[in-house]
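# Notes for the structure review
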Amino acid sequence: PFVPPPLHSTLSTGDSSESIVWFIRHRNRLTIVHRLPCACILCVERHHGYDSCYDFGTSNSVVFVYKQSKFEPLVSETGSFLFPSYVAYMNGSAITGDSAKGLMGKPNRFVVGCVKRLIGQPYSYYKQLEHKDIFGCEVVCDEDGYPAFVIDDQGTRVSCVDVASELFKHFKQR
(Lines give C-alpha, C1' and ligand atoms only; values in the text may rest on other atoms or scores of the structure.)
Protein backbone atom coordinates (compact mmCIF):
# COMPACT_ATOMS: atom_id res chain seq x y z
CA PRO A 1 0.00 0.00 0.00
CA PHE A 2 1.04 3.57 -0.71
CA VAL A 3 2.00 5.80 2.20
CA PRO A 4 2.82 9.47 1.54
CA PRO A 5 5.79 11.04 3.27
CA PRO A 6 5.17 12.45 6.76
CA LEU A 7 4.98 16.14 5.89
CA HIS A 8 2.60 18.72 7.33
CA SER A 9 0.43 18.76 4.22
CA THR A 10 1.15 16.63 1.16
CA LEU A 11 -0.71 15.44 -1.87
CA SER A 12 0.56 12.26 -3.43
CA THR A 13 -0.52 9.58 -5.85
CA GLY A 14 -1.06 5.91 -5.28
CA ASP A 15 -1.63 3.53 -8.13
CA SER A 16 -4.80 1.45 -8.14
CA SER A 17 -5.71 -1.04 -10.84
CA GLU A 18 -7.79 1.45 -12.83
CA SER A 19 -6.75 4.94 -11.83
CA ILE A 20 -4.47 7.21 -9.90
CA VAL A 21 -5.69 7.80 -6.37
CA TRP A 22 -4.91 11.11 -4.72
CA PHE A 23 -4.07 10.85 -1.06
CA ILE A 24 -3.76 13.80 1.24
CA ARG A 25 -2.02 13.65 4.58
CA HIS A 26 -2.97 16.70 6.59
CA ARG A 27 -2.19 16.83 10.30
CA ASN A 28 -1.54 13.06 10.40
CA ARG A 29 -4.83 12.13 8.73
CA LEU A 30 -4.73 10.23 5.42
CA THR A 31 -7.63 10.91 3.07
CA ILE A 32 -8.45 9.77 -0.47
CA VAL A 33 -9.35 12.97 -2.27
CA HIS A 34 -10.00 11.99 -5.84
CA ARG A 35 -9.51 9.25 -8.42
CA LEU A 36 -8.45 10.11 -11.95
CA PRO A 37 -7.37 7.87 -14.84
CA CYS A 38 -4.13 9.81 -15.40
CA ALA A 39 -0.54 10.15 -14.27
CA CYS A 40 0.37 13.06 -12.04
CA ILE A 41 3.17 15.45 -11.27
CA LEU A 42 2.27 17.20 -8.06
CA CYS A 43 3.49 19.99 -5.89
CA VAL A 44 2.13 21.51 -2.71
CA GLU A 45 2.37 25.21 -2.04
CA ARG A 46 1.07 27.74 0.46
CA HIS A 47 -0.51 30.76 -1.26
CA HIS A 48 -2.54 33.49 0.46
CA GLY A 49 -2.76 31.33 3.58
CA TYR A 50 -4.12 28.29 1.73
CA ASP A 51 -2.41 25.03 0.86
CA SER A 52 -2.72 24.50 -2.88
CA CYS A 53 -2.01 21.15 -4.55
CA TYR A 54 -1.28 21.07 -8.27
CA ASP A 55 -1.46 18.18 -10.70
CA PHE A 56 0.35 19.63 -13.71
CA GLY A 57 -0.78 17.38 -16.53
CA THR A 58 0.21 17.09 -20.16
CA SER A 59 -3.33 17.75 -21.41
CA ASN A 60 -5.14 18.95 -18.29
CA SER A 61 -4.22 20.17 -14.84
CA VAL A 62 -6.09 19.97 -11.55
CA VAL A 63 -5.80 22.18 -8.47
CA PHE A 64 -7.03 21.45 -4.95
CA VAL A 65 -7.16 24.18 -2.30
CA TYR A 66 -7.34 23.48 1.44
CA LYS A 67 -10.13 25.68 2.83
CA GLN A 68 -12.27 25.38 5.93
CA SER A 69 -10.69 22.08 7.04
CA LYS A 70 -11.03 20.28 3.70
CA PHE A 71 -9.48 20.12 0.25
CA GLU A 72 -11.74 21.38 -2.53
CA PRO A 73 -11.05 21.19 -6.27
CA LEU A 74 -10.65 24.54 -7.98
CA VAL A 75 -13.27 24.88 -10.71
CA SER A 76 -12.53 26.28 -14.17
CA GLU A 77 -14.52 28.89 -16.08
CA THR A 78 -16.58 26.07 -17.63
CA GLY A 79 -17.44 24.48 -14.27
CA SER A 80 -14.99 21.60 -14.64
CA PHE A 81 -12.20 20.71 -12.20
CA LEU A 82 -9.97 20.03 -15.24
CA PHE A 83 -7.98 23.01 -16.52
CA PRO A 84 -6.66 22.45 -20.06
CA SER A 85 -2.85 22.79 -19.99
CA TYR A 86 -2.77 25.17 -22.95
CA VAL A 87 -1.39 28.70 -23.27
CA ALA A 88 -2.24 31.04 -26.17
CA TYR A 89 -0.12 34.10 -26.90
CA MET A 90 -1.88 37.09 -28.44
CA ASN A 91 -0.65 40.68 -28.68
CA GLY A 92 1.95 40.18 -25.95
CA SER A 93 -0.48 38.57 -23.51
CA ALA A 94 -0.99 34.99 -22.42
CA ILE A 95 -4.41 33.33 -22.34
CA THR A 96 -4.71 29.99 -20.55
CA GLY A 97 -7.05 27.06 -20.09
CA ASP A 98 -10.29 26.53 -21.99
CA SER A 99 -9.97 29.82 -23.89
CA ALA A 100 -6.50 28.87 -25.12
CA LYS A 101 -7.48 25.32 -26.02
CA GLY A 102 -10.36 26.69 -28.13
CA LEU A 103 -7.82 28.61 -30.24
CA MET A 104 -5.61 25.56 -30.91
CA GLY A 105 -5.21 24.91 -34.63
CA LYS A 106 -6.85 28.17 -35.74
CA PRO A 107 -5.02 30.31 -38.32
CA ASN A 108 -2.72 33.06 -37.00
CA ARG A 109 -2.99 31.78 -33.42
CA PHE A 110 -0.02 30.80 -31.31
CA VAL A 111 -1.13 28.18 -28.81
CA VAL A 112 1.21 25.89 -26.87
CA GLY A 113 -0.01 22.51 -25.68
CA CYS A 114 1.69 19.43 -24.18
CA VAL A 115 4.52 21.57 -22.78
CA LYS A 116 5.06 19.10 -19.94
CA ARG A 117 6.53 16.61 -22.43
CA LEU A 118 9.43 18.97 -23.16
CA ILE A 119 10.22 20.46 -19.75
CA GLY A 120 13.80 19.66 -18.84
CA GLN A 121 14.46 17.89 -22.13
CA PRO A 122 17.17 19.04 -24.58
CA TYR A 123 16.18 20.02 -28.11
CA SER A 124 17.67 16.73 -29.35
CA TYR A 125 14.87 14.93 -27.44
CA TYR A 126 12.26 16.95 -29.36
CA LYS A 127 13.97 16.14 -32.68
CA GLN A 128 13.60 12.40 -31.96
CA LEU A 129 9.85 12.58 -31.27
CA GLU A 130 7.64 10.87 -33.80
CA HIS A 131 4.67 13.26 -33.40
CA LYS A 132 5.91 16.83 -33.32
CA ASP A 133 2.56 18.38 -34.26
CA ILE A 134 1.10 18.10 -30.73
CA PHE A 135 2.75 21.26 -29.40
CA GLY A 136 0.73 23.80 -31.39
CA CYS A 137 3.54 26.26 -32.13
CA GLU A 138 6.78 25.95 -34.00
CA VAL A 139 9.44 24.46 -31.71
CA VAL A 140 13.02 25.70 -32.19
CA CYS A 141 16.34 25.16 -30.44
CA ASP A 142 16.97 28.04 -28.05
CA GLU A 143 20.44 29.40 -27.24
CA ASP A 144 20.66 27.12 -24.18
CA GLY A 145 20.07 23.94 -26.24
CA TYR A 146 16.52 23.45 -24.95
CA PRO A 147 13.26 23.68 -26.91
CA ALA A 148 11.53 27.04 -27.23
CA PHE A 149 8.17 27.95 -28.76
CA VAL A 150 7.75 30.67 -31.40
CA ILE A 151 4.74 32.70 -30.22
CA ASP A 152 4.31 35.44 -32.82
CA ASP A 153 5.08 36.43 -36.40
CA GLN A 154 8.18 38.35 -35.24
CA GLY A 155 9.81 35.13 -33.96
CA THR A 156 9.49 35.81 -30.23
CA ARG A 157 10.42 32.72 -28.25
CA VAL A 158 9.32 31.41 -24.87
CA SER A 159 10.81 28.48 -22.97
CA CYS A 160 8.91 25.48 -21.66
CA VAL A 161 9.27 26.88 -18.14
CA ASP A 162 7.81 30.23 -19.28
CA VAL A 163 4.76 28.42 -20.68
CA ALA A 164 4.27 26.34 -17.52
CA SER A 165 4.61 29.44 -15.34
CA GLU A 166 1.72 31.07 -17.22
CA LEU A 167 -0.47 28.13 -16.21
CA PHE A 168 0.60 28.34 -12.57
CA LYS A 169 0.00 32.12 -12.54
CA HIS A 170 -3.52 31.45 -13.81
CA PHE A 171 -4.16 28.93 -11.00
CA LYS A 172 -2.96 31.37 -8.36
CA GLN A 173 -5.22 34.13 -9.67
CA ARG A 174 -8.32 31.95 -9.32
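Our subject in this report is the structure included herewith.

Reading the values: rules and limits
- Residues numbered from 1 in each chain as written.
- Predicted model: local features only at pLDDT ≥ 70, side-chain atom pairs only at ≥ 80, totals over all residues.
- Heavy atoms only, no water.
- Salt bridge = Lys/Arg side-chain N within 4 Å of Asp/Glu carboxyl O.
- Helix = DSSP H or I, 4+ residues; strand = E, 2+ residues; numbered from the N terminus.
- Buried < 20%, exposed > 50% of the residue type's maximum accessible area, 1.4 Å probe, protein only.
- Pairing = 2+ DSSP bridges.
- Axes fitted to C-alpha atoms, helices over the stretch in contact; angles between N-to-C directions.
- Contact = heavy atoms within 4.5 Å.

### Thoughts on the pattern of salt bridges
- All told, the structure shown has two salt bridges when counted by the stated rule.
- We note a salt bridge from R157 to D142, for which the minimum N-O separation is 3.4 Å. Taken as a pair, R157 in strand β14 (residues 157–159) and D142 in the loop between β12 (139–141) and β13 (147–150) lie far apart in primary sequence, 15 residues in all.
- For D142, a relative accessible area of 22% puts it in the partly exposed group.
- The residue K169 makes a salt bridge to E166 at a minimum N-O spacing of 3.2 Å. Placement of both K169 and E166 in helix α3 (residues 160–173) is noted, with a separation of three residues, approximately one turn of the helix.

### Overview of the pairing of β13
- Side chains of β13 alternate between two faces, with P147 and F149 and A148 and V150 buried alike.
- The antiparallel hairpin formed by β12 and β13 contains five residues in its connecting segment, where G145 sits at a positive phi of about 90°.
- Of the strand pairs in this sheet, β13 and β14 are connected by three bridges, and their pairing is antiparallel. Across the sheet, residue V150 finds its bridge partner in β14, namely R157.

### Examining the sheet that holds strand β10 (residues 93–96)
- Strand order in the open sheet formed by three strands is β10-β9-β11, and the pairing between neighbours is antiparallel. The sheet is open, and its two edges are formed by β10 and β11 (110–113), each paired on a single side. Mean inter-strand twist for the sheet, computed between neighbouring axes without regard to direction, equals 25°.
- Inspection of the sheet shows strand β9 (residues 86–90) paired to β11 by four bridges, in the antiparallel sense. Across the sheet, Y86 pairs through a bridge with G113, a residue of β11.
- On the sheet, α3 packs against β9, β10 and β11 and is oriented at approximately 100° with respect to β9.

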